[in-house]
Amino acid sequence: MAGIDALQFDDRFVRTLPGDPKRDNRPRQVLGAAYTPTEPTPVPAPTLVALVPEVAALLGLDPTPSAGLVDVLAGNRVVPGMAPYAACYGGHQFGTWAGQLGDGRAITLGEVVGAGGETFEVQLKGAGPTPYSRRADGRAVLRSSVRELVCSEAMHHLGVPTTRALSLVTTGAPVLRDLLYDGHPAEEPGAIVCRVAPSFLRFGSYEIHTARDDHETLRRLVRFTLERWFPRCVAGEALDVPAFFAEVASTTAWMVAEWLRVGFVHGVMNTDNMSILGLTIDYGPYGWLEPFDPDWTPNITDASGRRYRFGNQAQVAHWNIAQLARALVPLVDPAGVAALQATLEAFPRVLAAHHRHTSLRKLGLHAAHASDDAILEGMSAVLGAPGVELDMTLCFRALAEPLAGVGPIRRAYYGEPPHAHLVQLDTWLAAYAARVRAEGIDDAERARRMNAVNPLYVPRNYLVQEVIEATERGDGGAALAVLMDVLRQPYAEQAGRAHFAGKRPEWARVKPGCSMLSCSS
Ligand code: AMP
Ligand code: MG
């Protein structure tokens, strides 16, 4: 374990890829470059709120807090060997090409060669303006920073591919935000999360160069990506771009199937928020299903179109993957285009197969059986029954208990379900019990299987909101530490922590931050 000054840095990204020759942070179009060298802007009073020891360990970093470390995590000090930059990327936002976006408030400090020899991009979010900040301030508020820290770490412990978070600091500088976009801006505490991932490259990192007909920069970025993370797709001068695309499609399909397993709604699946490594990135107005509702979107900006609703995430991933395919077309010959198309056409089937497999595992069913389709359809019909609110997380945990009619599942409902619904549930339970008998497993084995894929603790929107309010009141990160500790073991029931496995309370139904999230962060 080394101090922050003694870590080993790797500057391959900035060394290999074309950079912006200009260094000023004036908002502008940056052409022919994958990044702009830029430094974080110092903050007045950095205070450490959380440091995640597992992520420090990944980096080989000594997790003992020190002033020198906190200064780096706040952007007040850059360690020799770091080569800070903001990445240039574009993206399709809500289905429309938005042109250049880029790291408007994220600054990668450098790449750290971790304890296991892999490299990790270490990135501050909210570290001040860059040429990609457009008209915004380059900063982040405490509320959204807590949300990113908690959820990315929770996802990791749930087994969902994700970026990680090393730390959270408050800056001592207020940030002005109009939370509900209703003309009432207010000052909020500013904060910086230090995020960690093998790479933060996004679909939009490639799209931007194709959109500008800059095939040279595109090719260099793709070569870099393949040599680094997809070495199977490089043979000397030749790049197997279709094979690379097939791998991205595969990891993306798996990631989305995993979101569906745990009830996660990303909320803003623009192509600039889609990782080339199939990681969940950019935690903004995300949410967790409480009452199961495939039409629910946490993002108030998405409330009218509901493009990013829970049940549309597979379709949006397909649409996004198609944008990546289009971005890669300049690098392939006609046979390559056909190969890209074939991968694209197969994507919905691949994702649906993952989802089906996972859905059966959520019911403890591992062997294939003729009644599987009927069981799954019946389960969806129960979960999504109109006029009924059934907590997704608690429903699957209750189902893992010995099957005894509707009994244990009753407590997963919000309010009293109508009689007709209980009859529907009872009928389905009888079919499910028969299917379980065909599987030939006892109650204990079924519970073991189910409780390994159906979490008990997820970062429910209201739980995170409670922590945000405690942190804003200045509890020094105490409530945050408890929640993060609970979420380290999401599948094992923890004594004395029933609060964290509770249904959403009534007060949280319409409260901003609990059911309605804003991109204002
Ligand atoms: P998002 O939808 O949060 O992923 O952000 C979309 C784009 O807006 C990205 O290019 C961000 O860097 C940029 N952005 C968001 N918030 C800010 C901010 N406060 N300052 C500068 N850029 C921002
Ligand atoms: Mg983003």
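A. Representation of helix α9 (residues 334-362). Between its terminal C-alpha atoms α9 stretches 42 Å, which fits the 42 Å expected from 29 residues at 1.5 Å a residue. For α9, the set of buried residues is G336, L340, T343, L344, A346, F347, L351, T358, S359, L360 and K362. The secondary structure elements touched by the buried residues of α9 are α7 (241-262), α8 (313-328), α10 (372-383), α11 (392-399) and α13 (443-451). Backbone geometry just after α9 places G364 at a positive phi near 80°.

B. Looking closely at the nonpolar core. One finds L166, L168, L363, L399 and L480 to be the most contacted residues of the largest nonpolar core, which totals 157 residues. Here this core takes 12 residues from α7, the largest share from any one element. In this structure L166 touches A50, L51, V52, V55, A56, L59, L61, L73, C194 and V196, once residues within four positions along its chain are discounted. Counting residues in hydrophobic clusters, the runner-up holds six residues, among them V30, A86, C88 and I208.

C. Local environment of the pairing of strand β6 (residues 96-100). Pairing of strand β5 (residues 90-93) with β6 involves three bridges; the strand directions are antiparallel. Pairing of H92 across the sheet is with W97, part of β6. Counting the residues that bridge the hairpin from β5 to β6 gives two residues, and of these F94 lies at a positive phi of roughly 50°.

D. Broad picture of the domain arrangement of the protein chain. For the protein chain, the domain assignment lists domain 1 (4-203), domain 2 (238-361), domain 3 (368-440) and domain 4 (461-508). Using only C-alpha atoms to locate each centre, domain 1 and domain 2 end up separated by 24 Å. Counting residues at the interface gives 30 residues for domain 1 and 38 residues for domain 2. Across the domain 1/domain 2 interface, buried area totals approximately 2800 Å², and carbon plus sulfur atoms make up 63% of it. Seen at the junction of domain 1 and domain 2, the total is two salt bridges. For D282, the salt bridge goes to R202, with nearest N and O atoms at 3.0 Å. On the surface where domain 1 and domain 2 come into contact, there are 14 residue pairs in polar contact (both at pLDDT 80 or more). When contributions to the side of domain 1 that touches domain 2 are tallied by element, the ones reaching two or more residues are β5, α4 (142-158) and β11 (186-197). Considering every element that reaches the side of domain 1 that touches domain 2, the biggest residue donor is α4, with six residues.

Cut-offs used in this document
- Residues numbered from 1 in each chain as written.
- Chains lettered and ligands numbered in written order.
- Predicted model: local features only at pLDDT ≥ 70, side-chain atom pairs only at ≥ 80, totals over all residues.
- Heavy atoms only, no water.
- Helix = DSSP H or I, 4+ residues; strand = E, 2+ residues; numbered from the N terminus.
- Expected span 1.5 Å × (residues − 1).
- Buried < 20%, exposed > 50% of the residue type's maximum accessible area, 1.4 Å probe, protein only.
- Contact = heavy atoms within 4.5 Å.
- Core = buried A, V, L, I, M, F, W, Y, C linked by side-chain atoms within 4.5 Å.
- Pairing = 2+ DSSP bridges.
- Domains from an automatic or database assignment.
- Buried area = accessible area lost by both parts, 1.4 Å probe.
- Salt bridge = Lys/Arg side-chain N within 4 Å of Asp/Glu carboxyl O.
- Polar contact = N/O pair within 3.5 Å; in protein donor to acceptor, adjacent residues only side chain to side chain.

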